[in-house]
Amino acid sequence: MDDIVINEYLARIEVPRPSALDAEALRTLHRAHLLTVPFENLSIHLSEPISLEEPDLLGKVVTRRRGGFCYELNGAFALLLEALGATVGRAAGRVYGDGRLGPPFDHLALVVRLADGTGPWLADVGFGSHSTFPLLLERRDAQQDPAGSFQITDTDAGDVEVCRDGKPQYRLELRERELADFGPTCWWQQTSPLSHFTQNVICSLPRTDGRISISGRTLITTSGGIRSEQELPDDETILAAYRDHFGIILHQVPEAG
């Protein structure tokens, strides 16, 4: 990633280039990424293939100003952090759903090491709803965050579990992986009728006071703890909502099924 692309990425997430990538700069980048790049699975419902190749990740997030799911969002964020001087490991997770763990490589999260000696940090801008700031991976007490109370605990197998407000979110391997290792499960997530990504259309961003989402044909907003839902009556209104709330320009409405 050259300086031009770095600056374009930083402009995408509305952050000036940090003079050094220290802990505070990482926190700023992490929060900004969450607030500007939506968690979305629209490609799956628009028949757009999802590629984990580096130029395709940057092209989608930076040039096309789209979002994505964990492989894309954390995949792209890792490239930015490395270009700014961090050492970044890709770690495989298994997400809890209905009290059970999903398949291996169900989730991609990042282990970030900085030149200032802090960390290692667990950075995750691709879980949909997670911590606003990166977590200290080696801390075992509760870590308070605007999004809740997070705690990392050890498992007998040598993995760690990431919990939010006492509820396990995912189990993370500490072994470093290559982005290509996530390819088969990324394909499964796009194509399997058992994948929740193929069953529902979602586009979502946190806000400073809540969250805004489009789920199917419903606009959902949460502000000050109050949730409201608005049915979007026609295709034109749906496309306008993607544009106005997420900056995403679409020419057809993504539909599940």
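Not measured: the values here are computed from a predicted model. (Residues numbered from 1 in each chain as written. Predicted model: local features only at pLDDT ≥ 70, side-chain atom pairs only at ≥ 80, totals over all residues. Heavy atoms only, no water.)

Describing the pattern of salt bridges
According to the stated counting rule, one finds 15 salt bridges in the structure shown. Linking R17 and D3 is a salt bridge whose minimum nitrogen-to-oxygen distance equals 3.2 Å. In this pair, R17 sits in the loop between α1 (3–12) and α2 (23–36) while D3 sits in helix α1, placing the two residues 14 residues apart along the sequence. For R64, the salt bridge identified is with E48, shortest N-O distance 3.6 Å. Highlighted residues: R64 in the loop between α3 (54–63) and α4 (70–83) and E48 in the loop between β1 (39–40) and α3, separated in sequence by 16 residues. Residue classification places E48 among the partly exposed positions, given a relative accessible area of 24%. Where salt bridges share partners, they join E40, E48, R64 and R66 into one cluster. (Salt bridge = Lys/Arg side-chain N within 4 Å of Asp/Glu carboxyl O. Helix = DSSP H or I, 4+ residues; strand = E, 2+ residues; numbered from the N terminus. Buried < 20%, exposed > 50% of the residue type's maximum accessible area, 1.4 Å probe, protein only.)

Brief notes about the sheet that holds strand β13 (residues 218–223)
Taken together, the five strands give an open sheet; going across it, the order is β1-β11-β12-β13-β14, and neighbouring strands pair in antiparallel fashion. With one partner strand each, in any of the chains shown, β1 and β14 (226–231) form the two edges of the open sheet. Pairing between strand β12 (residues 210–215) and β13: six bridges, direction antiparallel. Considered in β13, the bridge of R211 is made with T222. (Pairing = 2+ DSSP bridges.)

Things to note about the packing of aromatic side chains
All chains considered together, the criterion is met by seven aromatic pairs. Measuring from ring centre to ring centre gives 6.0 Å for Y71 and F182, while their planes differ by 50°; the resulting arrangement is tilted. Of the two residues, Y71 is situated in helix α4 and F182 in the loop between β10 (167–172) and α5 (183–191); the sequence distance between them amounts to 111 residues. On the basis of relative accessible area, Y71 is assigned to the buried category, the value being 0%. When the ring of Y242 is compared with that of F246, the centres are 6.5 Å apart and the planes differ by 45°; the resulting orientation is tilted. Of this pair, Y242 and F246 both sit in helix α7 (residues 235–246), four residues apart, roughly one helical turn. Assigned by exposure class, Y242 and F246 land together as buried. Taken together, F39, F69, Y71, F105, F182 and F197 form an aromatic cluster joined through their ring pairs. (Phe/Tyr/Trp six-rings, centres within 6.5 Å; stacked < 30°, edge-to-face > 60°.)

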